[in-house]
Amino acid sequence: MKKHNFSAGPSILPQEVILKSSQAVLDFNDDGLSILEISHRSKAFIDVMENARALVIELLGLEGKGYKALFLQGGASAQFLMVAMNLLEKKAGYLNTGAWSNKAIKEAKNIGDIYEVASSKDANFNYIPKGYSIPSDYDYFHCTSNNTIFGTQMKSFPNSPIPMVCDMSSDIFSRVLDFTQFDLIYAGAQKNMGPAGATLVVVKEEILGKVSRTIPTILDYKSHIDADSMYNTPPVFPVYTTMLTLEWLKNLGGIKAIEEMNELKAQVMYSEIDLNPLFKGFAVKEDRSLMNATFTLENDKLKETFETMLKEAGISGVNGHRSVGGYRASMYNALPIDSVKALVEVMSELESKA
Ligand code: PMP
């Protein structure tokens, strides 16, 4: 029986995507070869890459707006460096909303001066700072739209006077935004797109080519743009699976349709956290993530019972990150509402037993 998969990432994928990609491992396009053993220069794969890149631009509403979609490797973590290499001449502003922002800051500091425009470190990152200003003479502003570990999410974005770069690893394609406000978006595939191994970068071409350093070829966005995202051998299987997930999303009605489902799932989840006296939400209400709900069980003595009940109900992956403790229910696009209902049922059953 398939478990209810609340894993924070790599995480749940649509069942139809798992089936189609499994089939492609056995026999891709009924051509007698596995997707794992074909050349990335084959027509069949070039079509996959082109389709995946086009779907990204279409779903984000960026057609005809000067953006290029790339599938790179090295995870979102490599983007912490690549962003700075390609955009940082002197100084950049970063919003510090948690562990991943911190890592982005640390990496960029190897390249130039970094100024934290605001931070929520004072409250262990349980909120999103607001009301900060972004100096107009910096090279770019960097933020993290969803903080996977702490369960906070930016509900609005500043009106940045300089290019805005956003790490959307854990909420890309999950909600409607005006994506033209960002000049560069990056995200690891392993949450809302596909298996680990591909990293999506969506970049507005006009922001490139402005730094004076020589950028090593593999780290230069331009090399990847010029080579249609095939400068080196791309992660063939993750890109294929991502294409299937994006097709699934498009057939569902796109980001607008999934946003409604994500809002409903989050509402069911957070209502239980708020109404059940045994549990306490970690993030402040107004900044709660629709993707990762973080919460604690107030009475430690119930921990074992709760975890046994979760196991018996086939609920997997709700353990919290070590820096926050407690629990984290990740509700990515592919997670069905029934899984959220199953978790909520266990939580309320615990209350009736306590
Ligand atoms: N940013 C965010 C918001 C993340 O959630 C993660 C991974 N969970 C990363 C960056 C790092 O991604 P990767 O492991 O692909 O380098």
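Calculation criteria
- Residues numbered from 1 in each chain as written.
- Predicted model: local features only at pLDDT ≥ 70, side-chain atom pairs only at ≥ 80, totals over all residues.
- Buried ≥ 20, exposed ≤ 12 C-beta atoms within 10 Å, placed from the backbone.
- Helix = DSSP H or I, 4+ residues; strand = E, 2+ residues; numbered from the N terminus.
- Pairing = 2+ DSSP bridges.
- Near = placed C-beta within 6 Å.
- Nonpolar A, V, L, I, M, F, W, Y, C, P; charged D, E, K, R; others polar.
- Domains from an automatic or database assignment.
- Contact = placed C-beta atoms within 7 Å.
- Axes fitted to C-alpha atoms, helices over the stretch in contact; angles between N-to-C directions.

Topic: the pairing of strand 14 (residues 327-330)
Burial along strand 14 is two-sided: the face carrying Tyr327 and Ala329 and the face carrying Arg328 and Ser330 are both buried. Note that strand 12 (residues 292-297) and strand 14 share 4 bridges and pair antiparallel. Paired with Phe295 across the bridge in strand 14 is Tyr327.

Side note on unusual backbone geometry
With an omega of -5°, the peptide bond running from Gly9 to Pro10 counts as cis. Among the structural elements, Pro10 can be located in the loop between strand 1 (4-5) and helix 1 (15-26). The phi torsion at Asp228 lies on the positive side, around 50°, for a residue other than glycine. Along the chain, the position of Asp228 falls in the loop between helix 5 (221-226) and helix 6 (236-252). For Asp228, a count of 14 C-beta atoms within 10 Å corresponds to the partly exposed category.

Notes on the site of the ligand
Around the ligand, the neighbouring residues are Gly9, Gly75, Ala76, Ser77, Trp100, Thr144, Thr148, Asp167, Ser169, Ser170 and Gly188. When residues of the shell around the ligand are assigned to their parent elements, the largest contribution, 3 residues, is made by helix 3 (residues 75-87). A per-class count over the shell around the ligand returns 2 nonpolar, 8 polar and 1 charged.

Observations regarding the domain arrangement of the chain
Along its sequence, the chain is organised into domain 1 (15-252) and domain 2 (255-353). Once you take the C-alpha centre of each, domain 1 and domain 2 turn out to be 27 Å apart. With 24 residues of domain 1 at the interface, the matching set in domain 2 holds 23 residues. Those elements that provide at least two residues to the side of domain 1 that touches domain 2 are strand 6 (146-147), strand 7 (152-153) and helix 6. Here the residues of the side of domain 1 that touches domain 2 are counted per class, giving 10 nonpolar, 10 polar and 4 charged.

Observations concerning the sheet that holds strand 2 (residues 67-72)
A sheet is described by the order of its strands in space; here 7 strands give the open sequence 2-10-9-8-5-3-4, paired in mixed fashion. The open sheet terminates on both sides in strands that have one partner only, identified here as strand 2 and strand 4 (113-119). For this sheet the average axis-to-axis angle between neighbouring strands, irrespective of direction, equals 20°. Bridge count for strand 9 (residues 184-188) against strand 10 (residues 199-204) is 5 bridges, and the pairing is antiparallel. Residue Tyr186 lies in a different strand from strand 10, and its bridge partner there is Val201. Sitting on the sheet, helix 3 is in contact with strand 5 (141-144), strand 8 (164-167), strand 9 and strand 10, with an inclination near 150° to strand 9. On top of the sheet, helix 4 (residues 99-108) reaches strand 3 (91-96), strand 4, strand 5 and strand 8; it is set at about 165° to strand 3, its chief contact.

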